[in-house]
Amino acid sequence: MCEHIEDFHRTVLMLGALALYAEIPGADNDFIDTIGPSLAVSLPEPPPGMFPPGYDPIGGI
C-alpha cells in the first residue's frame, strides 16, 4: 500500500478516535480543541478513487 494512502487512513482513524473520545464524560476539551484542528489540517489529499469522478469537495457532487 502506498505511504500516502496509509497516511490518509491513519489520520482518518485518529480523527475518529478523537471524536469517540470527545463523547466520553470528563474528556479533556482543551486537548480535543487543540488536537482536532491539527489532525484535520494534517489530513493529506484523499487517495485516488476515494470519491467519484468529478466530485467537488466544496459543493458536493
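In what follows, the structure referred to is the one given above.
Re the pattern of salt bridges
Counted by the stated rule, this structure contains 1 salt bridge. A salt bridge links R10 to D7, with the shortest nitrogen-to-oxygen separation between them at 2.9 Å. One end of the pair, R10, and the other, D7, are both in helix α1 (residues 3–22), 3 residues apart, so they sit about a helical turn from each other. On the basis of relative accessible area, D7 is assigned to the partly exposed category, the value being 28%.

Comments concerning the packing of aromatic side chains
As enumerated under the stated definition, the model contains 2 aromatic pairs in all. When the ring of Y21 is compared with that of F31, the centres are 6.1 Å apart and the planes differ by 85 degrees; the resulting orientation is edge-to-face. Placement of Y21 in helix α1 and of F31 in helix α2 (residues 29–42) is noted, with a sequence separation of 10 residues between them. Taking the relative accessible area as the measure of exposure, F31 reaches 40% and is therefore partly exposed. Between the aromatic rings of F51 and Y55, the centroid separation amounts to 4.8 Å while the plane-to-plane angle is 10 degrees, which identifies the pairing as stacked. Exposure remark for F51: the relative accessible area of 42% places this residue in the partly exposed category. Assessed through its relative accessible area of 30%, Y55 is described here as partly exposed.

Rules used throughout
- Within each chain, residue numbers correspond to sequence positions counted from 1 in written order.
- Since the coordinates come from a predicted model, pLDDT governs what is reported: local features require at least 70, and pairs of side-chain atoms require 80 or more to be given and counted, while whole-chain, interface and lining totals use all residues.
- With hydrogens and water excluded, all non-hydrogen atoms of the structure serve as input to the side-chain values.
- Criterion for a salt bridge: a side-chain nitrogen of Lys or Arg within 4 Å of a carboxyl oxygen of Asp or Glu.
- Numbering of helices and strands runs from the N terminus; a helix is a DSSP stretch of H or I covering at least four residues, while a strand is a stretch of E covering at least two.
- When accessible area is computed with a 1.4 Å probe and restricted to protein chains, residues below 20% of their type maximum are described as buried, those above 50% as exposed, and intermediate ones as partly exposed.
- Centres within 6.5 Å make a pair out of two Phe, Tyr or Trp rings, where for Trp the six-membered ring is used; the pair is then stacked when the planes are under 30 degrees apart, edge-to-face when over 60, and tilted otherwise.

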